[in-house]
Amino acid sequence: MGNCIQHLAAGVTLIAADNTWIDGDAVQQLHTTLTLPGMRHVAGMPDLHPGRGYPVGAAFFSLGRLYPALIGGDIGCGMALWTTDLDARKVSLDKLEKRLGNIDTPLDDDWQALVSTLAPPDTGFDPALGTIGGGNHFAELQRLDHIYQPAALEALQLDARQLLLLVHSGSRGLGQSILQQQVSQFGHRGLEQDSPACADYLARHATALHFAEANRELIARRMLARLHADGEPVLDIHHNLVVPATLGGEAGWLHRKGATPSSAGPVVIPGSRGDFSYLVAPRPSEDSLFSLAHGAGRKWMRSECKDRLARRFTPAQLSRTRLGSHVICRDKQLMYEEAPEAYKPIDSIIDALVQAGLVTVLARLRPVLTYKTHGECC
């Protein structure tokens, strides 16, 4: 167990097994982040990979100062899991794909009453609500492939006869606008916790979290409506945010950038769109800054994916996966950037978390139909 919780230096922890692929640049970014004023502890998850100056798949604990740049522009990005009443035994992927169509356009007037109920007012970004966005965001129908803890699944009211819906999205352009304002005014210096600027950021951060959660619910309900299905939410978790926290008796700020909280009940850790996802029960630990991996983690830079894969696969071939699922995506470049080969194997991520004693695996989820963007709408 201890071998998977690696203390690389004072204040630097990495959660990884011997077979976990970790980019050396990402580890260097972890060490660099520890040098920020007030930073006490940084922890890399098994899905750790390099980001724009700061690593992704990591958590950071600071005193007296918080850092908007550590969270990035997609404040509130996270995962929502829903049940559906779609029969997993009678799936027609062609029929589901045809029903789903394009969900990248703004919601029409029929949705506005629900939008006003769910979303924060006057953000200026309402046209993006109910849309997934680009990058690694997706919405995916899944089936329960293997159940490890039947009692836990029963408690969550999950039924192997019905498909599940997993939604991965965030605050869209709202979060990016908040980050841009912070960086233009303060650079990457961070904000003193008792300053008016910090209070202003935290208020806007809270609005972005609200927006992101509403967005995931609207995506789910929009998809269910297109698929002529009903469903219910099971969980919704942010993995890009900052929260007040007390660690080691010190009150400070816990930042997560692509890190799932381990203190909020069961969570889903997804693989790439051609791999399994896992439903797990966390075991909170201060060693991991009460955080877990948020997915498989990138292995290749986006800029190199097409050159690596174009001779092997056409976009049409990439729309069918080794697990028999279909991928809906009209952006050919994104198809290469998000190919399963560009990501770490999800089993290596889950194995590291299990060996570290940080999770109990409840179930394995198999992809059925994955929706990715047709192109940014707003």
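Reading guide: rules and limits
Residues numbered from 1 in each chain as written. Predicted model: local features only at pLDDT ≥ 70, side-chain atom pairs only at ≥ 80, totals over all residues. Heavy atoms only, no water. Helix = DSSP H or I, 4+ residues; strand = E, 2+ residues; numbered from the N terminus. Contact = heavy atoms within 4.5 Å. Areas by Shrake-Rupley, 256 points an atom, 1.4 Å probe, with all protein chains shown as cover. Salt bridge = Lys/Arg side-chain N within 4 Å of Asp/Glu carboxyl O. Buried < 20%, exposed > 50% of the residue type's maximum accessible area, 1.4 Å probe, protein only. Pairing = 2+ DSSP bridges. Right-handed = clockwise from strand over helix to strand, strands pointing away. Arc of directions from axis to C-beta. 1 Å grid on protein atoms, 1.4 Å probe; cavity = no way out; pocket = protein on both sides within 12 Å on 5 of 7 lines; lining within 4 Å. Points joined across faces, edges and corners; volume = space filled by probe spheres on them. Nonpolar A, V, L, I, M, F, W, Y, C, P; charged D, E, K, R; others polar. Core = buried A, V, L, I, M, F, W, Y, C linked by side-chain atoms within 4.5 Å. Axes fitted to C-alpha atoms, helices over the stretch in contact; angles between N-to-C directions. Phe/Tyr/Trp six-rings, centres within 6.5 Å; stacked < 30°, edge-to-face > 60°. Lys NZ or Arg CZ within 6 Å of the ring centre and 35° of its normal.

So, about the overall build of the protein. Of the regular secondary structure elements, the protein holds 11 helices and 18 strands. Considering only C-alpha atoms, the protein reaches an extent of 55 × 50 × 45 Å along its principal axes. A sequence separation of at least 24 residues applies to 78% of the contacts in the protein between residues at least 6 apart. Looking at the protein as shown, the accessible area adds up to about 15,400 Å², and 49% of this sits on carbon and sulfur atoms.

The next point concerns the pattern of salt bridges. Tallied over the full model, the rule gives 14 salt bridges. Across the pair Asp145 and Arg366 runs a salt bridge, and its minimum N-O distance is 2.9 Å. In this pair, Asp145 sits in strand E7 (residues 138-147) while Arg366 sits in strand E18 (residues 359-371), placing the two residues 221 residues apart along the sequence. The exposure class assigned to Asp145 is partly exposed, which follows from its relative accessible area of 25%. When its relative accessible area of 23% is taken as the criterion, Arg366 is described as partly exposed. Through salt bridges with shared partners, a single network forms among Arg298, Arg302, Glu337, Glu338 and Lys372.

Let us look at unusual backbone geometry. In this structure, Arg172 takes a positive phi of about 55° despite not being glycine. One non-glycine residue, His228, adopts positive backbone phi at about 60°. Note that His228 resides in the loop between helix H7 (196-226) and strand E10 (231-238).

Time to look at the pairing of E18. Most of E18 is tucked away, with 10 of its 13 residues classed as buried. The sheet contact formed by E7 and E18 spans 8 bridges and is antiparallel. Across the sheet, the residue bridging to Ala139 is Tyr371, located in E18. Sheet analysis places strand E17 (residues 326-328) next to E18, joined by 3 bridges and oriented parallel. Following the sheet pairing, His326 is matched in E18 by Leu369.

Here strand E3 (residues 39-49) lies mainly inside the structure; 10 of its 11 residues are buried. In the sheet, strand E2 (residues 12-15) pairs with E3 via 3 bridges, with the strands oriented parallel. Across the sheet, Val12 pairs through a bridge with Val42, a residue of E3. In this fold, the crossover linking E2 to E3 by way of helix H1 (residues 24-34) has left-handed handedness. Where E3 lies against strand E4 (residues 56-62), 6 bridges are found, and the strand directions are antiparallel. If you follow Gly44 over to E4, its bridge partner there is Ala58. Counting the residues that bridge the hairpin from E3 to E4 gives 6 residues, and of these Gly53 lies at a positive phi of roughly 95°.

What helix H3 (residues 93-100) keeps buried is the set Leu93, Leu96 and Leu100. Angularly, the buried residues of H3 cover 65° about the axis, an arc narrow enough to put them on a single face. What points out from H3, more than 90 degrees from its buried face, is the exposed set Asp94 and Lys98. The elements touched by buried residues of H3 are strand E6 (78-87), E7, H7, E17 and E18. Where H3 ends, the next residue or the one after it, Gly101, has phi of about 60°, a positive value.

Before going further, it helps to spend a moment on the layout of surface pockets. Taken as a whole, the second largest pocket encloses approximately 150 Å³ of empty space. Residues that form the lining of the second largest pocket fall into these classes: 3 nonpolar, 3 polar and 3 charged.

Bringing the nonpolar core into the picture now. The biggest cluster of nonpolar side chains holds 59 residues, and the ones touching the most others in it are Leu279 and Leu353. In contact with Leu353, other than residues within four places in its own chain, are Ile15, Pro46, Ile269, Leu292, Ala293, Leu358 and Val359. Leu86, Leu100, Leu141 and Leu224 belong to the second-largest nonpolar core, a separate cluster that totals 24 residues.

Turning our eyes to something else, we now look at the sheet that holds E4. The strand order across the open sheet built from 6 strands is E1-E2-E3-E4-E12-E11, with neighbouring strands paired in mixed fashion. Each having just a single partner strand, strand E1 (5-9) and strand E11 (240-247) make up the two edges of the open sheet. Adjacent strand axes in the sheet meet at a mean angle of 20°, parallel and antiparallel pairs treated alike. With respect to the sheet, H1 is in contact with E1, E2, E3 and E4, its orientation differing from that of E3 by roughly 165°. Along the sheet, H7 makes contact with E11 and strand E12 (250-257), crossing E11 at roughly 120°.

A separate point is the packing of aromatic side chains. Taken as a whole, this structure holds 0 aromatic pairs when the rule is applied. Residue placement shows Arg364 over the ring face of Phe276; its charged tip is 4.1 Å from the ring centre.

As a further point, take empty space enclosed by the protein. Counting across every chain of the model gives 1 cavity of 30 Å³ or more. Considered as a void within the structure, the largest cavity measures approximately 60 Å³ in volume. Forming the walls of the largest cavity are Pro68, Ala69, Gln182, Val183, Phe186, Gly187, His188, Arg189, Gly190 and Leu191. Sort the elements by how many residues they give to the lining of the largest cavity and helix H6 (residues 172-186) lands first, with 3 residues. Residue classes in the lining of the largest cavity are distributed as 5 nonpolar, 4 polar and 1 charged.

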